[in-house]
Amino acid sequence: MKELLEIEEELLAPGHRACPGCGEALAIRIALKALGRNVIVVQATGCGEVVSTPYPQTAWRVPYIHVAFENAAAVASGIECALKKLGKKDVKVVAFAGDGGTADIGLQALSGAVERGHDFIYICTDNEAYMNTGIQRSGTTPFLAWTTTTPAGKVGRGKRQWKKDVPAIIAAHRAPYVATASVGYPLDLYQKIKKAKYIKGPCYIHIQCPCPPGWRFDSSKTIQVARKAVESGCWVLYEIEHGQMRVTFKPSKRIPVSEYLKLQGRFRHLTQEEIQKFQELVDQEWKRLGLE
Amino acid sequence: MKLVLTGNEAAAFGAKLARAQVISAYPITPQTVSVEKLAEFVANGELDAEFVEVESEHSALSVCVGAAAAGARAFTATSSQGLALMSEILYIAAGLRLPIVMANVNRSLSAPISIWCDQQDSISVRDCGWIQLYCENNQEILDSIIQAYKIGESVHLPVMVCYDGYILSHTAEVVDVPDQSSVDEFLPPYQPPYKLDPENPVTMGPVGVPEYYQEFRYALHEAVREAKEKVIEVDRDFERRFGRGYGLIENYRCDDAEVVVITMGSLSGTVKEVIDKRRERGDKVGMIKVRCYRPFPHREILGSLESAEGIAVMEKDISLGATGALYADVTTAIQNSDRRPLVMDFICGLGGRDVKLDHVEETIETIKKCVARRKIETPVKWLGLRKEVL
């Protein structure tokens, strides 16, 4: 943490238009501290792009391009190839995309780029729904979560499916480095990005970024919510380096998922039975990962 | 060096001579051979480029956008559905002012699926801010691709070089392939005014808030319009060096013509044959080949219609529910002139239907009858329509 605080250079300028308590803005800020100036950033359409580049202003102190929603990985591929041809070997290409731009509309381009083995880092800033358009369900929206397209009513109980496991999909491509991270654990996040920076080939880092308006919690609680996600086992911090998985932070004692869910309005509609079901599924997931 | 090349091979030679640095494409009939050839050039070490085998056309163009934004010369090629899939990124490439060059091998759009030629694919994206050049033969394909980089890099716009599927893409002709050193002299390495570079960080692709968006679009429109002069200038320079020039349009025996056929692409060759035959018997007919479709050469077309009483537009596309696109542009060109010749639209050659000499004859006879009667009853006529299967 000390190391992180000592890095004073802010490459994401203050004054961008992100909401107070935005998890994504925090993730980008920390990521840029780890990456330094010698990068080229591609960002998919989404909150992060909208809040940081209203013409004629920009919050980016590093070279930056936004092209479209689903093609950040393809644009990054093109930049990486151009740098190779132009003889610029020390510049790292980094793509940022939200969960929609990664797990849903951008999955094909991401899969293609990782399969081709481009030397770049892809960072998914996952706030678990289409927040930029107003909280619609995405592939990474958690089980039973309320969104505007999975409303809770007499029949609907929120999202019916489990969260899409994108890190596992990318790991199946045999990417040299895949990691999960959380803004609640900034040093862990920082170290993972730093590590990826020095690995040749496609690296994927999936950061859970709590969203106060989308998850329905007070903007002062972002870090608390992020930490409870990890402490309850709903979000697991790990890295997969050349196929070897290692959990980077394991809570000494897992807290009940209800401790995490009750902080957020998006789970307010859940019954005791539904919370119990959620707990069972998280327990199963922990067993599957060999954590218990 | 004279070689026997198909249109697709000519396109590949063009990109090679232009020293494309990043090539990204996805296979689609009838484009495939052009990128296979380029992959071969790269594999053999004849072309020092990165060849990116993407998973879709959408990504192919996205790779080119990234490459061009980082300062490299980028090339892609596609057809039909592939171009339709790229459509979102076509607009962005133009808006970002990136001089990517694309070969579009003209093929019809689904449904029903058809791999054969018409020009509906590129016509459908005419409004995206790319310069569009249509080629008549394989020599013109090679030359146009080299020219396209020079034009695009001077005016900061992407250029689409269009040529007819099968009719040109798969037909071999003798093509003069210029030597590398003369192409290098004509086309120096790409020097972008801005690029993605940590030494001098810029933000590309920002949010265009309402206070600025319209001005961005106006500036882009003006750039495309003004590119007309650059197309002419580059073509003249090319002609001086290589002895071949194509212009914005080709005025083929129009000077005293009473009837003028206007068309694009390989069909121009067929029409010329009919014009020559008719001229031999004293018939005052001519043809305009529109080579540069965007920016549209309104003034140049009007200038070749000074004696025309009747105009027949022959085109391989249709704006469903309206008219052919070229017809709409031609009528716009003459709308505010003093002379108001009669204009008819002939939709033909869709989905690979052959357009024969007889169809051209029928076209000219039809417009002549209209001129004699000073009246057009049906402005849009479909040539060779098989009414028995309707």
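Residues numbered from 1 in each chain as written. Chains lettered and ligands numbered in written order. Predicted model: local features only at pLDDT ≥ 70, side-chain atom pairs only at ≥ 80, totals over all residues.

Draft legend 1. Structural context of the nonpolar core. One finds Ile-79 of chain A together with Val-65 and Val-161 of chain B to be the most contacted residues of the largest nonpolar core, which totals 220 residues. The residues contacting Val-65 of chain B, other than those within four sequence positions of it, are Val-67, Val-75 and Gly-78 of chain A together with Ile-89, Ile-92, Ala-93, Leu-96 and Leu-98 of chain B. (Core = buried A, V, L, I, M, F, W, Y, C linked by C-beta atoms within 7 Å. Buried ≥ 20, exposed ≤ 12 C-beta atoms within 10 Å, placed from the backbone. Contact = placed C-beta atoms within 7 Å.)

Draft legend 2. Inspection of the environment of Ala-10 of chain B at higher detail. All names here are of chain B. Here Ala-10 lies in helix H1 (residues 7–17). Expressed as a C-alpha distance, the spacing of Ala-10 and Ala-172, which sit 162 residues apart in the sequence, is 9.4 Å. Once residues within four sequence positions are removed from consideration, Ala-10 is found in contact with Leu-5, Asn-138, Ile-141, Leu-142 and Val-175. (Helix = DSSP H or I, 4+ residues; strand = E, 2+ residues; numbered from the N terminus.)

Draft legend 3. Focus on the interface of chain A and chain B. The interface is formed by 37 residues belonging to chain A together with 36 residues belonging to chain B. Breaking the side of chain A that touches chain B down by element, the ones donating at least two residues are strand E1 (39–43), strand E2 (64–66), helix H4 (72–85) and helix H6 (107–116) of chain A. If you tally residues by element for the side of chain A that touches chain B, the top one is H4 of chain A, at eleven residues. Among the residues making up the side of chain A that touches chain B, the classes are represented as 23 nonpolar, ten polar and four charged. (Nonpolar A, V, L, I, M, F, W, Y, C, P; charged D, E, K, R; others polar.)

Draft legend 4. Seen up close, helix H8 (residues 210–242) of chain B. All names here are of chain B. The end-to-end C-alpha distance of H8 is 47 Å, a good match for the 48 Å that 33 residues give at a rise of 1.5 Å each. On its buried face, H8 sits against strand E6 (131–134), helix H6 (138–155), helix H7 (180–186) and strand E13 (292–294). One or two steps after H8, the chain reaches Gly-243, where phi turns positive at roughly 80°. (Expected span 1.5 Å × (residues − 1).)

Draft legend 5. Representation of the packing of helix H2 (residues 23–35) of chain A against helix H8 (residues 186–197) of chain A in the model. All names here are of chain A. Axis separation between H2 and H8 bottoms out at 8 Å; the angle between their running directions is 45°. In terms of axis orientation, H2 runs oblique to H8. Viewed along their axes, H2 and H8 form a crossing whose handedness is right-handed. Across the interface between the two elements, Ala-27, Ile-30, Ala-31, Lys-33, Ala-34 and Leu-35 from H2 touch Pro-186, Leu-189, Tyr-190, Ile-193, Lys-194 and Lys-197 from H8. Its residues placed into classes, the contact of H2 with H8 shows nine nonpolar, no polar and three charged. (Axes fitted to C-alpha atoms, helices over the stretch in contact; angles between N-to-C directions. Parallel < 35°, antiparallel > 145°, perpendicular 65-115°, else oblique. Left-handed = near helix turned anticlockwise from the far one by under 90°.)

Draft legend 6. Spotlight on the sheet that holds strand E14 (residues 310–315) of chain B. Residue and element names in this part refer to chain B. In spatial order, the strands read E10-E12-E11-E14-E15-E16; together these six strands make up an open sheet with mixed pairing. Where the open sheet ends on each side, the last strands, each with one partner, are strand E10 (249–252) and strand E16 (380–382). Going from strand to strand, the sheet's axes swing by 20° on average, the running direction of each strand aside. As paired strands, strand E15 (residues 342–347) and E16 are joined by three bridges and run parallel to one another. Bridging across to E16, Asp-345 finds its partner in Val-380. Contacts from helix H11 (residues 325–335) reach strand E11 (259–263), strand E12 (285–290), E14 and E15, with the element oriented near 150° to E14. Against the sheet, helix H12 (residues 357–373) touches E11, E12, E14, E15 and E16, its axis set at about 150° to E14. (Pairing = 2+ DSSP bridges.)

Draft legend 7. Representation of the environment of Thr-6 of chain B in the model. Residue and element names in this part refer to chain B. Tracing the chain through its elements places Thr-6 in the loop between strand E1 (2–5) and H1. A C-alpha to C-alpha distance of 5.0 Å links Thr-6 and Thr-171, two positions 165 residues apart in sequence. The residues contacting Thr-6, other than those within four sequence positions of it, are Val-33, Asn-138, Ser-169, His-170, Thr-171 and Ala-172.

Draft legend 8. Geometry of the sheet that holds E13 of chain B. All names here are of chain B. On the basis of which strands lie adjacent, the open sheet formed by seven strands has the order E3-E2-E4-E5-E7-E6-E13 and mixed pairing. The sheet is open, and its two edges are formed by strand E3 (50–53) and E13, each paired on a single side. Neighbour-to-neighbour, the strand axes of the sheet open up by a mean angle of 20°, direction not taken into account. As defined by bridge partners, strand E4 (residues 74–78) adjoins strand E5 (residues 101–106) across four bridges and the pair is classed as parallel. Its bridge partner being in E5, Ala-77 is matched across the sheet by Ala-103.

Draft legend 9. Focus on the environment of Gly-184 of chain A. As for its position among the elements, Gly-184 of chain A is in the loop between strand E5 (177–182) and H8. The sequence separation of Gly-184 of chain A and Ile-207 of chain A amounts to 23 residues, and the corresponding C-alpha distance is 9.9 Å.

Draft legend 10. Representation of helix H3 (residues 57–69) of chain B within the structure. All names here are of chain B. Under the 1.5 Å per step criterion, the end-to-end length of H3 is 18 Å for 13 residues, consistent within 8% with the ideal 18 Å. Of all 13 residues in H3, 13 are buried; the element is thus mostly enclosed. Downstream of H3 by one or two residues, Gly-71 has phi in the positive range, about 105°.

Draft legend 11. Representation of the domain arrangement of chain B. All names here are of chain B. Here chain B is described as being made up of domain 1 (2–242) and domain 2 (249–389). One C-alpha centre belongs to domain 1, the other to domain 2; they are set 28 Å apart. On the side of domain 2, 20 residues touch domain 1, which itself brings 27 residues to the contact. Listing elements by their share of the side of domain 1 that touches domain 2, those giving two or more residues are helix H5 (120–123), E6, strand E7 (159–164) and H8. Here the side of domain 1 that touches domain 2 gets five residues from one element, more than from any other, and that element is H8. Classifying every residue of the side of domain 1 that touches domain 2 by side-chain character gives 14 nonpolar, seven polar and six charged. (Domains from an automatic or database assignment.)

Draft legend 12. Geometry of the confidence of the model for chain B. Here chain B averages 98 in pLDDT, while 100% of its residues score no lower than 70. Predicted complex, confidence summary: ipTM 0.97, pTM 0.98. (pLDDT = per-residue confidence, 0-100.)

Draft legend 13. Molecular detail of unusual backbone geometry. Looking along the chain, the bond that leaves Tyr-55 of chain A and enters Pro-56 of chain A is cis, with omega of 5°. Mapping Pro-56 of chain A onto the fold places it in the loop between helix H3 (47–52) and E2. Cis peptide bonds are those with omega within 30 degrees of zero, and the linkage from Thr-29 of chain B to Pro-30 of chain B qualifies with 0°. Topologically, Pro-30 of chain B is positioned in the loop between strand E2 (22–25) and helix H2 (32–43). Unlike most non-glycine residues, Ile-135 of chain A shows phi in positive territory, near 65°. Locating Ile-135 of chain A in the fold gives a position in the loop between strand E4 (120–126) and helix H7 (166–171).

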